[in-house]
Amino acid sequence: MRLATWNVNSVKARLPRLLDWLETRRPDVLCLQELKVSADQFPSDEVKALGYDAAVHGDGRWNGVAVLSRVGLDDVRTGFDGDPGFPDETTRETRAVSATCGGLRVWSVYVPNGRTPEDPHYAYKLRWLARLREALAHEPAPLAVCGDFNVAPADEDVWDPAVFAGSTHVTPPERDALAALRAERGLHDIVPRPLKGDRPFTYWDYRAGMFHQNKGMRIDLVYATDPVPARVTDAYVDREARKGKGPSDHAPIVVDIDL
(Lines give C-alpha, C1' and ligand atoms only; values in the text may rest on other atoms or scores of the structure.)
Protein backbone atom coordinates (compact mmCIF):
# COMPACT_ATOMS: atom_id res chain seq x y z
CA MET A 1 0.00 0.00 0.00
CA ARG A 2 1.15 3.52 -0.79
CA LEU A 3 -0.13 5.89 1.90
CA ALA A 4 0.31 9.65 1.60
CA THR A 5 -0.68 12.83 3.38
CA TRP A 6 -0.72 16.42 2.08
CA ASN A 7 -1.90 19.79 3.35
CA VAL A 8 -2.95 21.27 0.01
CA ASN A 9 -3.82 24.74 1.34
CA SER A 10 -7.04 25.03 -0.74
CA VAL A 11 -8.09 22.15 -2.94
CA LYS A 12 -9.58 24.59 -5.47
CA ALA A 13 -6.36 26.53 -5.86
CA ARG A 14 -4.32 23.33 -6.04
CA LEU A 15 -6.67 21.11 -8.06
CA PRO A 16 -4.61 20.79 -11.27
CA ARG A 17 -1.52 20.02 -9.19
CA LEU A 18 -3.45 17.52 -7.05
CA LEU A 19 -4.85 15.64 -10.04
CA ASP A 20 -1.44 15.52 -11.73
CA TRP A 21 0.15 14.30 -8.50
CA LEU A 22 -2.44 11.55 -8.11
CA GLU A 23 -1.79 10.40 -11.67
CA THR A 24 1.99 10.34 -11.31
CA ARG A 25 2.45 9.11 -7.72
CA ARG A 26 -0.61 6.84 -7.61
CA PRO A 27 -1.06 6.54 -3.85
CA ASP A 28 -3.56 3.94 -2.72
CA VAL A 29 -4.70 6.24 0.09
CA LEU A 30 -4.22 10.01 0.34
CA CYS A 31 -5.08 12.10 3.39
CA LEU A 32 -5.73 15.77 2.62
CA GLN A 33 -5.91 18.78 4.92
CA GLU A 34 -6.89 22.44 4.70
CA LEU A 35 -9.36 21.89 1.87
CA LYS A 36 -11.10 25.25 2.35
CA VAL A 37 -14.25 23.91 0.66
CA SER A 38 -17.48 22.37 1.88
CA ALA A 39 -18.07 18.67 1.29
CA ASP A 40 -20.41 19.34 -1.63
CA GLN A 41 -17.81 21.60 -3.28
CA PHE A 42 -15.07 18.99 -3.17
CA PRO A 43 -14.00 17.77 -6.65
CA SER A 44 -15.26 14.23 -6.07
CA ASP A 45 -15.99 13.63 -9.76
CA GLU A 46 -12.48 14.61 -10.79
CA VAL A 47 -10.79 12.29 -8.31
CA LYS A 48 -13.33 9.56 -9.06
CA ALA A 49 -12.23 9.67 -12.69
CA LEU A 50 -8.77 8.70 -11.46
CA GLY A 51 -10.14 5.78 -9.45
CA TYR A 52 -10.51 7.38 -6.02
CA ASP A 53 -13.46 7.42 -3.67
CA ALA A 54 -13.52 10.37 -1.28
CA ALA A 55 -14.58 10.79 2.34
CA VAL A 56 -14.78 14.53 2.92
CA HIS A 57 -15.40 16.67 6.00
CA GLY A 58 -15.47 20.37 5.14
CA ASP A 59 -17.49 23.48 5.83
CA GLY A 60 -16.11 25.88 3.23
CA ARG A 61 -13.98 27.90 5.62
CA TRP A 62 -10.31 27.54 6.54
CA ASN A 63 -10.28 23.90 7.56
CA GLY A 64 -11.50 20.72 5.91
CA VAL A 65 -10.05 17.21 5.62
CA ALA A 66 -10.48 14.22 3.33
CA VAL A 67 -9.40 10.64 2.76
CA LEU A 68 -9.09 9.50 -0.86
CA SER A 69 -8.83 5.77 -1.51
CA ARG A 70 -8.68 3.37 -4.42
CA VAL A 71 -8.54 0.30 -2.14
CA GLY A 72 -11.90 0.68 -0.39
CA LEU A 73 -13.53 3.26 1.84
CA ASP A 74 -15.52 1.75 4.68
CA ASP A 75 -16.85 2.86 8.08
CA VAL A 76 -16.41 6.55 7.30
CA ARG A 77 -16.68 8.88 10.29
CA THR A 78 -16.47 12.65 10.33
CA GLY A 79 -15.07 14.32 13.42
CA PHE A 80 -14.89 12.39 16.68
CA ASP A 81 -16.73 12.13 19.96
CA GLY A 82 -15.55 14.73 22.44
CA ASP A 83 -14.29 17.21 19.84
CA PRO A 84 -14.05 20.41 21.93
CA GLY A 85 -14.90 22.84 19.13
CA PHE A 86 -13.98 26.51 18.97
CA PRO A 87 -14.89 28.88 20.53
CA ASP A 88 -17.05 26.25 22.27
CA GLU A 89 -18.40 22.76 21.69
CA THR A 90 -21.39 24.08 19.76
CA THR A 91 -19.03 25.11 16.94
CA ARG A 92 -17.05 22.05 15.97
CA GLU A 93 -14.55 22.58 13.19
CA THR A 94 -13.94 20.19 10.29
CA ARG A 95 -10.58 18.82 11.38
CA ALA A 96 -10.81 15.01 11.34
CA VAL A 97 -12.18 12.27 9.11
CA SER A 98 -11.50 8.55 9.29
CA ALA A 99 -12.15 5.46 7.19
CA THR A 100 -11.00 1.88 6.74
CA CYS A 101 -9.01 1.47 3.52
CA GLY A 102 -7.78 -1.94 2.42
CA GLY A 103 -7.73 -3.24 5.98
CA LEU A 104 -5.95 -0.19 7.43
CA ARG A 105 -7.81 2.27 9.64
CA VAL A 106 -6.80 5.74 8.44
CA TRP A 107 -7.36 9.16 10.01
CA SER A 108 -6.72 12.47 8.29
CA VAL A 109 -6.31 15.25 10.86
CA TYR A 110 -5.70 18.99 10.76
CA VAL A 111 -4.68 20.02 14.27
CA PRO A 112 -5.49 23.62 15.30
CA ASN A 113 -2.65 26.07 14.76
CA GLY A 114 -2.75 27.64 18.22
CA ARG A 115 -1.74 31.09 16.91
CA THR A 116 0.22 32.24 19.98
CA PRO A 117 0.63 30.70 23.45
CA GLU A 118 -1.44 33.53 24.91
CA ASP A 119 -4.33 33.12 22.46
CA PRO A 120 -7.51 31.14 23.37
CA HIS A 121 -6.83 29.11 20.22
CA TYR A 122 -3.71 27.68 21.88
CA ALA A 123 -5.74 26.29 24.80
CA TYR A 124 -8.18 24.91 22.22
CA LYS A 125 -5.29 23.20 20.43
CA LEU A 126 -4.25 21.42 23.62
CA ARG A 127 -7.84 20.38 24.38
CA TRP A 128 -8.27 19.13 20.83
CA LEU A 129 -5.14 16.97 21.03
CA ALA A 130 -6.24 15.56 24.39
CA ARG A 131 -9.68 14.66 23.04
CA LEU A 132 -8.14 13.16 19.91
CA ARG A 133 -5.98 10.97 22.14
CA GLU A 134 -9.10 9.72 23.90
CA ALA A 135 -10.87 9.04 20.59
CA LEU A 136 -7.94 7.09 19.14
CA ALA A 137 -7.82 4.83 22.19
CA HIS A 138 -10.92 3.07 20.83
CA GLU A 139 -9.71 2.68 17.24
CA PRO A 140 -8.73 -0.78 15.94
CA ALA A 141 -5.26 -1.70 14.72
CA PRO A 142 -3.61 -1.47 12.31
CA LEU A 143 -4.10 2.28 12.50
CA ALA A 144 -2.47 5.23 10.74
CA VAL A 145 -3.04 8.84 11.82
CA CYS A 146 -1.80 11.28 9.22
CA GLY A 147 -1.91 15.00 8.67
CA ASP A 148 -0.83 18.47 9.59
CA PHE A 149 -0.27 18.36 13.34
CA ASN A 150 1.01 21.94 13.60
CA VAL A 151 3.62 20.68 16.07
CA ALA A 152 7.31 20.05 15.40
CA PRO A 153 8.02 17.02 17.64
CA ALA A 154 11.61 18.01 18.48
CA ASP A 155 14.14 20.79 17.97
CA GLU A 156 15.68 19.02 14.99
CA ASP A 157 12.32 19.36 13.25
CA VAL A 158 12.75 23.12 12.76
CA TRP A 159 15.51 24.84 10.83
CA ASP A 160 16.60 27.01 13.77
CA PRO A 161 15.17 26.35 17.26
CA ALA A 162 16.25 29.80 18.45
CA VAL A 163 14.01 31.47 15.87
CA PHE A 164 10.95 29.60 17.15
CA ALA A 165 11.59 29.88 20.87
CA GLY A 166 8.39 30.83 22.69
CA SER A 167 6.24 30.37 19.57
CA THR A 168 3.54 27.85 18.88
CA HIS A 169 4.49 24.56 17.21
CA VAL A 170 7.48 24.03 19.52
CA THR A 171 6.28 24.72 23.08
CA PRO A 172 6.65 21.96 25.70
CA PRO A 173 2.87 21.58 26.29
CA GLU A 174 2.27 20.95 22.57
CA ARG A 175 5.11 18.46 22.33
CA ASP A 176 3.99 16.75 25.53
CA ALA A 177 0.45 16.43 24.13
CA LEU A 178 1.83 14.84 20.98
CA ALA A 179 4.02 12.45 22.97
CA ALA A 180 1.05 11.45 25.12
CA LEU A 181 -1.02 10.75 22.01
CA ARG A 182 1.70 8.45 20.66
CA ALA A 183 2.21 6.67 23.98
CA GLU A 184 -1.48 6.13 24.74
CA ARG A 185 -2.25 4.45 21.41
CA GLY A 186 1.14 2.86 20.70
CA LEU A 187 1.76 5.05 17.68
CA HIS A 188 5.15 5.19 16.00
CA ASP A 189 6.49 8.23 14.18
CA ILE A 190 7.28 7.18 10.60
CA VAL A 191 9.97 9.73 9.78
CA PRO A 192 10.37 10.18 6.02
CA ARG A 193 13.66 10.74 4.26
CA PRO A 194 14.30 14.15 2.72
CA LEU A 195 14.85 14.37 -1.04
CA LYS A 196 17.23 17.28 -0.41
CA GLY A 197 19.09 18.43 2.67
CA ASP A 198 19.62 16.58 5.91
CA ARG A 199 16.20 17.03 7.53
CA PRO A 200 12.75 15.93 6.34
CA PHE A 201 10.95 19.26 6.50
CA THR A 202 7.38 19.29 5.18
CA TYR A 203 6.46 22.99 5.47
CA TRP A 204 8.20 26.15 4.29
CA ASP A 205 6.78 29.65 4.64
CA TYR A 206 6.00 31.34 1.32
CA ARG A 207 7.94 34.44 2.36
CA ALA A 208 11.62 35.39 2.09
CA GLY A 209 12.70 32.45 -0.04
CA MET A 210 12.34 30.02 2.84
CA PHE A 211 11.83 27.00 0.58
CA HIS A 212 14.91 27.63 -1.54
CA GLN A 213 16.99 28.11 1.61
CA ASN A 214 15.41 24.97 3.10
CA LYS A 215 14.34 26.88 6.19
CA GLY A 216 11.41 24.66 7.04
CA MET A 217 9.62 22.64 9.69
CA ARG A 218 8.47 19.04 10.05
CA ILE A 219 4.86 19.46 11.16
CA ASP A 220 3.15 17.01 8.79
CA LEU A 221 3.36 13.57 10.35
CA VAL A 222 2.48 9.94 9.78
CA TYR A 223 1.86 7.96 12.96
CA ALA A 224 1.03 4.25 12.86
CA THR A 225 0.52 1.30 15.18
CA ASP A 226 2.23 -2.06 14.88
CA PRO A 227 2.73 -3.87 12.59
CA VAL A 228 2.84 -1.00 10.08
CA PRO A 229 6.25 0.54 10.95
CA ALA A 230 8.10 -2.76 10.52
CA ARG A 231 6.54 -3.16 7.08
CA VAL A 232 7.47 0.27 5.72
CA THR A 233 9.66 -0.18 2.64
CA ASP A 234 10.17 3.53 1.94
CA ALA A 235 9.02 6.90 3.24
CA TYR A 236 9.94 10.27 1.79
CA VAL A 237 8.95 13.92 1.58
CA ASP A 238 7.93 14.64 -2.02
CA ARG A 239 9.72 17.96 -2.19
CA GLU A 240 9.10 18.20 -5.94
CA ALA A 241 5.42 18.93 -5.23
CA ARG A 242 6.46 22.11 -3.38
CA LYS A 243 8.18 23.51 -6.49
CA GLY A 244 6.83 25.46 -9.44
CA LYS A 245 4.03 27.97 -9.80
CA GLY A 246 1.31 28.18 -7.17
CA PRO A 247 2.28 25.32 -4.84
CA SER A 248 0.95 24.59 -1.39
CA ASP A 249 3.31 25.68 1.36
CA HIS A 250 3.43 22.01 2.44
CA ALA A 251 4.91 19.00 0.64
CA PRO A 252 3.31 15.53 0.66
CA ILE A 253 4.69 12.62 2.63
CA VAL A 254 4.65 9.27 0.81
CA VAL A 255 4.91 5.98 2.72
CA ASP A 256 5.15 2.60 1.01
CA ILE A 257 4.01 -0.32 3.18
CA ASP A 258 4.20 -4.04 2.50
CA LEU A 259 0.86 -5.10 4.01
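Since the model is a prediction, treat every value here as computed from it, not as a measurement.

(A) Molecular detail of the environment of Phe80. As for its placement among the helices and strands, Phe80 is situated in the loop between strand E5 (74-78) and strand E6 (96-101). Taking C-alpha positions, Phe80 is 7.5 Å from Leu132, a pair spaced 52 residues apart along the chain. Residues in contact with Phe80, not counting those within four places in the same chain, are Arg92, Ala96, Trp107, Trp128, Arg131, Leu132 and Ala135.

(B) Structural context of the side chain of His121. Position of His121 among the secondary structure elements: in helix H3 (residues 120-136). A residue is classified by how much of its surface remains accessible, and His121, at 3% relative accessible area, is buried. Setting aside its immediate chain neighbours within four residues, His121 contacts Phe86, Glu93, Arg95, Pro112, Asn113, Gly114 and Arg115.

(C) Local environment of the layout of surface pockets. Its volume calculated, the largest pocket comes out at about 670 Å³. In terms of lining, the largest pocket is formed by 34 residues, of which the most central are Glu34, Tyr110, Asn113, Asn150 and His169. Grouping the amino acids of the lining of the largest pocket by side-chain chemistry returns 13 nonpolar, eleven polar and ten charged. If you add up the space inside the second largest pocket, you get close to 170 Å³.

Rules used in this analysis
- Residues numbered from 1 in each chain as written.
- Predicted model: local features only at pLDDT ≥ 70, side-chain atom pairs only at ≥ 80, totals over all residues.
- Heavy atoms only, no water.
- Helix = DSSP H or I, 4+ residues; strand = E, 2+ residues; numbered from the N terminus.
- Contact = heavy atoms within 4.5 Å.
- Buried < 20%, exposed > 50% of the residue type's maximum accessible area, 1.4 Å probe, protein only.
- 1 Å grid on protein atoms, 1.4 Å probe; cavity = no way out; pocket = protein on both sides within 12 Å on 5 of 7 lines; lining within 4 Å.
- Points joined across faces, edges and corners; volume = space filled by probe spheres on them.
- Nonpolar A, V, L, I, M, F, W, Y, C, P; charged D, E, K, R; others polar.

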